[in-house]
Each structure stands twice: as structure tokens, then as C-alpha cells.
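# Descriptive analysis of the structure
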Amino acid sequence: MTTAQSPRTEPGQDVAAFVQHWYDILSSHEPVEDLLAYVIDDGLEMAFPERTLRGHADFRDWYAAVGASFGPQSHIVEKLRTHEHDGLVDVEVTVVWTAKNLSDGSVSALRIDQDWQLVRDGADGALRIRTYHVGALNPA
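Remember, it's a predicted structure, so these values are computed and weren't measured experimentally.

## As for the pairing of strand 5 (residues 107–120)
- Two strands pair when backbone bridges link them, and strand 4 (residues 88–101) and strand 5 are joined in this way by 13 bridges, in the antiparallel orientation. Bridge pairing in strand 5 links L88 to V119.
- With antiparallel pairing between neighbouring strands as the criterion, strand 4 and strand 5 make up a hairpin whose turn holds five residues, including G105 at a positive phi of roughly 80 degrees.
- In this structure, strand 5 lies alongside strand 6 (residues 127–139), joined through ten bridges in antiparallel fashion. Across the sheet, the residue bridging to Q117 is T131, located in strand 6.
- Linking strand 5 to strand 6, which pair antiparallel, is a turn of six residues; within it G125 sits at a positive phi near 75 degrees.

Spelled out as C-alpha cells, the structure:
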């Protein structure tokens, strides 16, 4: 992923674009390699209700399972708060996830609060997900 950084960018604007793009590529079920560019490998902690991912290998397995279970899906960001400190970005996001369950054809819509922590790559300043904690799954 190449992201142009502008000195005129408002604080948090690049984070909001990063979050939206992450959900867009999840929704369109892009190849796993495209998503791996957005998460660190060493030190990753992505906590979902079904399991916690600790690196790229875990992410690949999880993403394959989700892709086999859910068809058309969308992610709509309802709330986004960010706080940048010491080279890290804390993110609070509420997303409405809608997806079709491929096993029975049912469609679910859930409102999910998530807490992330992003790091900036020292070489190019690009954002990467370090931690990603999924909260309660509530009907939307």
C-alpha cells in the first residue's frame, strides 16, 4: 500500500482513510496478501470472538475460514475516534457489519465496537494494525 502523506493533512485524517480502506477491502474480500500489508506480523494481536490471531499465518487461516463462511458483506463505520501518542494511534471504532451466511443463506447485521492500536512504519510512515480487539456483537 502506498499512501501519499501531505503536510496539510488534518490530524487523524490519514487514520480515518486507513480504517475505511481496511473495511472496504474486507467487504470486497480482496486477496489475503492485500490485507497482510495492513497488519504487522511480529507482535500482532487480533482478538475476535472465535479466536486470537498472533501473526500473518494466523490471519491467513482466519481469513480463509471467514471467506468460506460468509458471502456478500459490508462494513459501515458509524463512529471513529483516534488518539495519537508516542508513535502509536489508538482507535475506537463502531462498525455495522452485514453478511450472508453461506451455510444457510441467512443475513446478519451486527453493530460491533472495536479498539485498535496502529503503528507507523519507520521507513515510510504507513499505518499498520498492531492490536485489534472486537467487542460485543450486537444486533444492528
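## A look at the pairing of strand 3 (residues 70–85)
- Strand direction decides the pairing type here: strand 3 and strand 4, joined by 13 bridges, are antiparallel. Paired with Q73 across the two strands is A99, which belongs to strand 4.
- Two successive antiparallel strands, strand 3 and strand 4, enclose a turn made up of two residues, where D86 displays a positive phi of approximately 50 degrees.

## Structural notes on the packing of aromatic side chains
- Following the criterion strictly, the structure yields twelve aromatic pairs and no others.
- Here the aromatic rings of F18 and Y38 are separated by 5.4 Å at their centres, their planes lie at 50 degrees, and the arrangement is tilted. Of this pair, F18 sits in helix 1 (residues 13–27) while Y38 sits in the loop between helix 2 (32–36) and strand 1 (45–47); the two residues are 20 residues apart in sequence, bridging distant segments of the chain. The two residues F18 and Y38 agree in class, both being buried.
- Where F70 meets W97, the ring centres are 5.1 Å apart and the plane angle is 75 degrees; that geometry is what we call edge-to-face. With F70 in strand 3 and W97 in strand 4, the pair connects residues that are 27 residues apart, well separated along the chain.
- An aromatic cluster of at least three residues, connected via ring pairs, comprises F18, W22, Y23, Y38, F48, F59, W62, Y63, W116 and Y132.

## What to know about the environment of W62
- Checked against the element boundaries, W62 lands in helix 3 (residues 56–69).
- When the C-alpha positions of W62 and E50 are compared, they lie 9.4 Å apart, and in sequence the two are twelve residues distant.
- The contact partners of W62, leaving out residues within four places of it in the chain, are F48, E50, R51 and L53.

## Describing the layout of surface pockets
- Estimated volume of the largest pocket: approximately 440 Å³.
- If you trace the largest pocket, you find 21 residues lining it, with F48, E50, W62, V66 and W97 closest to the centre.
- Secondary-structure elements contributing two or more residues to the lining of the largest pocket are helix 1, helix 3, strand 3, strand 4, strand 5 and strand 6.
- Tallying contributions element by element places helix 3 first for the lining of the largest pocket, with five residues.

## Quick notes on the sheet that holds strand 1
- As summarised here, the arrangement of the six strands in space is 2-1-6-5-4-3, forming an open sheet in which the pairing is mixed. Because the sheet does not close on itself, it has two edges, and the strands there are strand 2 (52–53) and strand 3.
- Relative to strand 6, strand 1 is paired through three bridges, and the arrangement is parallel. Note that in strand 6 the partner of E45 across the bridge is T131.
- Packed on one face of the sheet, helix 1 meets strand 1, strand 3, strand 4, strand 5 and strand 6 and runs near 165 degrees to strand 3.
- Sheet strands touched by helix 3: strand 1, strand 2, strand 3 and strand 4. Its angle to strand 3, the strand with the most contacts, is close to 135 degrees.

Criteria and cut-off values
- Residues numbered from 1 in each chain as written.
- Predicted model: local features only at pLDDT ≥ 70, side-chain atom pairs only at ≥ 80, totals over all residues.
- Heavy atoms only, no water.
- Pairing = 2+ DSSP bridges.
- Helix = DSSP H or I, 4+ residues; strand = E, 2+ residues; numbered from the N terminus.
- Phe/Tyr/Trp six-rings, centres within 6.5 Å; stacked < 30°, edge-to-face > 60°.
- Buried < 20%, exposed > 50% of the residue type's maximum accessible area, 1.4 Å probe, protein only.
- Contact = heavy atoms within 4.5 Å.
- 1 Å grid on protein atoms, 1.4 Å probe; cavity = no way out; pocket = protein on both sides within 12 Å on 5 of 7 lines; lining within 4 Å.
- Points joined across faces, edges and corners; volume = space filled by probe spheres on them.
- Axes fitted to C-alpha atoms, helices over the stretch in contact; angles between N-to-C directions.

By themselves, these figures tell us nothing about what the structure is for.
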